[in-house]
Amino acid sequence: MNVAVESVTMRVWLARYLEWLAVHNYSPRTVTNASSGVGLFLCWCDERELARAEEITRPILERYQRTLFYYRRPSGRPLTFRTQSLRLTRVRSFFRWLVRQRVLPANPASDLEMPRPERRLPKHVLTADEAERVLAVPKQDEVVGLRDRTMLELFYAAGLRRSELVNLRVDDIDIERATLMIRLGKGKKDRFLPIGERALAWLQRYVDVARPELETAMSEGHLFVGVHGEPLDRDWVTERVRGYIAASKVGKRGACHLFRHTMATLMLEGGADVRFVQEMLGHENIQSTQIYTRVSIQKLREVHAATHPGAKLTPRAERAAEARANDETHALAAADLLAELEAESDDAGA
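Note that the structure is predicted; figures quoted are calculated from it, not measured. (Residues numbered from 1 in each chain as written. Predicted model: local features only at pLDDT ≥ 70, side-chain atom pairs only at ≥ 80, totals over all residues. Heavy atoms only, no water.)

## Focus on helix H7 (residues 143-158)
So, point 1. Over its 16 residues, H7 runs 23 Å from end to end, which matches the ideal 22 Å to within 8%, given 1.5 Å per residue.
So, point 2. A positive backbone phi angle near 60° is found at glycine 159, which sits one or two residues after H7. (Helix = DSSP H or I, 4+ residues; strand = E, 2+ residues; numbered from the N terminus. Expected span 1.5 Å × (residues − 1).)

Have a look at this one:
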């Protein structure tokens with residue numbers, strides 16, 4: 001390793017790393033996340049006077065990992081294991097890049113044992129009735145209300161991520177085929193999605209009635225725009241949707257992703273194959289989709305009610321006796337009906 005490379009600080013290497021990501025067509029969000037994740041690690045290193053990459057060893061990284069574990073937010077809450085894992089993964093990717101650039105002979109983070117992944121269920125999922133209550137909140141006779149109702153319909157119908165919704169353009173919608181195109185979704189992957197008749201009707205109404213009143217030169221073809229015609233901000237959309245959910249008084253918290261959870265769960269409960277739901281959500285790994293099979297409890301509830309002896313208020317023996325009595329009643333009624341038909345036949349023959 002030459003002297004020039006050894007004298008370069010990690011902050012300089014980070015700037016070059018971020019440039020490399022951008023040049024190699026990684027998404028702006030990936031670049032931002034790398035800047036944030038590695039930047040936090042470098043701040044921690046600055047406090048310990050660690051400036052150069054060759055000074056970083058696995059024991060140092062393990063100390064950083066323990067720091068993340070014991071860190072507490074201003075609210076007193078710890079970082080989730082998912083957040084800890086993401087921060088460590090971004091650091092590990094940075095050092096992997098340094099090895100590929102021949103800045104380091106080996107990656108000190110390669111054998112770092114990561115936190116075990118969590119497979120947590122969504123905290124809240126709307127029922128179909130609750131979803132309708134949220135959809136009914138925007139004032140449909142107002143321009144912004146019509147826009148917001150259309151956004152909610154698309155979140156519910158297609159399970160869009162908020163970034164996918166704000167990046168939609170007018171020419172991404174195919175009214176005749178009732179589909180929309182997600183361009184450069186997560187992982188920079190395109191996909192076509194179907195939208196139902198109702199969402200399509202709201203979309204047509206928004207494009208014909210509301211959007212022309214909002215559109216300005218700033219709109220640049222974006223489908224959903226603000227009151228001045230500007231493209232919508234992701235965080236603004238989150239707060240907007242969160243407000244509608246709160247106003248609906250369904251008693252559940254969430255924002256855009258709540259509709260994504262709801263769409264996946266209700267489709268699975270309705271009998272959809274998990275692979276079709278995977279395609280709708282744009283999951284690369286089906287394991288990410290299968291978590292919703294644990295949320296869609298309707299079928300499990302039906303089996304439990306039918307097979308568990310303690311599932312009903314009425315004991316199974318009483319239910320069996322009642323069923324037998326009903327069967328006997330139906331049998332007597334059938335016999336009476338048969339006798340009446342035979343009598344009518346005899347009268348007709350006479």
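## Focus on the sheet that holds strand S3 (residues 191-194)
So, point 1. With respect to topology, 3 strands assemble into an open sheet ordered S1-S2-S3, the strand pairing being antiparallel. The outermost strands of the open sheet, each flanked by one partner alone, are strand S1 (173-174) and S3.
So, point 2. One ladder, built from 2 bridges, connects S1 with strand S2 (residues 179-182); its direction is antiparallel. The residue of S2 that forms the bridge with aspartate 174 is threonine 179. (Pairing = 2+ DSSP bridges.)

## With respect to the environment of glutamate 153
So, point 1. Along the polypeptide, glutamate 153 turns up in helix H7.
So, point 2. When the C-alpha positions of glutamate 153 and tryptophan 202 are compared, they lie 7.6 Å apart, and in sequence the two are 49 residues distant.
So, point 3. Residue contacts for glutamate 153: discarding those within four places in its chain leaves Leu135, Arg198, Ala199 and Trp202. (Contact = heavy atoms within 4.5 Å.)

## Some words on the packing of aromatic side chains
So, point 1. Within this structure, the stated rule accounts for 13 aromatic pairs.
So, point 2. Judged by centre distance (6.1 Å) and plane angle (75°), the ring pair of phenylalanine 41 and phenylalanine 95 falls under edge-to-face. Placement of the pair is phenylalanine 41 in helix H3 (residues 28-47) and phenylalanine 95 in helix H5 (residues 81-100), with a sequence separation of 54 residues. Of the two residues, phenylalanine 41 and phenylalanine 95, both sit in the buried class.
So, point 3. Following the ring pairs from residue to residue traces out a cluster consisting of Trp13, Tyr17, Phe41, Trp44, Tyr64, Phe94, Phe95 and Trp97.
So, point 4. Looking at arginine 16, its charged tip hangs above the ring of tryptophan 13, at a distance of 4.8 Å from the centre. (Phe/Tyr/Trp six-rings, centres within 6.5 Å; stacked < 30°, edge-to-face > 60°. Buried < 20%, exposed > 50% of the residue type's maximum accessible area, 1.4 Å probe, protein only. Lys NZ or Arg CZ within 6 Å of the ring centre and 35° of its normal.)

## Things to note about unusual backbone geometry
A negative phi angle is the norm for most residues apart from glycine, just as the trans form is the norm for most peptide bonds.
So, point 1. Within the chain, arginine 102 stands out as a residue other than glycine whose phi angle is a positive 60°.
So, point 2. Its location among the elements puts arginine 102 in the loop between H5 and helix H6 (128-135).
So, point 3. Of note, alanine 178 is a non-glycine position whose phi angle comes to about 55°, a positive value.
So, point 4. Along the chain, the position of alanine 178 falls in the loop between S1 and S2.

## With respect to the pattern of salt bridges
So, point 1. Tallied over the entire structure, the rule returns 17 salt bridges.
So, point 2. Taken together, the shared-partner salt bridges in this structure form one network comprising Glu132, Arg149, Glu153 and Arg198. (Salt bridge = Lys/Arg side-chain N within 4 Å of Asp/Glu carboxyl O.)

## Details of the packing of helix H10 (residues 234-248) against helix H11 (residues 256-269)
So, point 1. Running from N to C, H10 and H11 cross one another at 65°; their axes reach a closest spacing of 8 Å. Considered as vectors, H10 and H11 are oriented roughly perpendicular to each other. Residues Val237, Thr238, Val241 and Ile245 of H10 form the contact with H11, whose own contacting residues are Cys256, Leu258 and Phe259.
So, point 2. Class assignment of the residues belonging to the contact of H10 with H11 gives a composition of 6 nonpolar, 1 polar and no charged. (Axes fitted to C-alpha atoms, helices over the stretch in contact; angles between N-to-C directions. Parallel < 35°, antiparallel > 145°, perpendicular 65-115°, else oblique. Nonpolar A, V, L, I, M, F, W, Y, C, P; charged D, E, K, R; others polar.)

## Digging into the pairing of S2
So, point 1. Side chains Thr179 and Met181 of S2 all project onto a buried face; the interleaved residues Leu180 and Ile182 project onto the opposite face, where all are buried too.
So, point 2. With 4 bridges joining them, S2 and S3 adopt antiparallel strand pairing. Of the residues in S3, the one forming a bridge with threonine 179 is proline 194.

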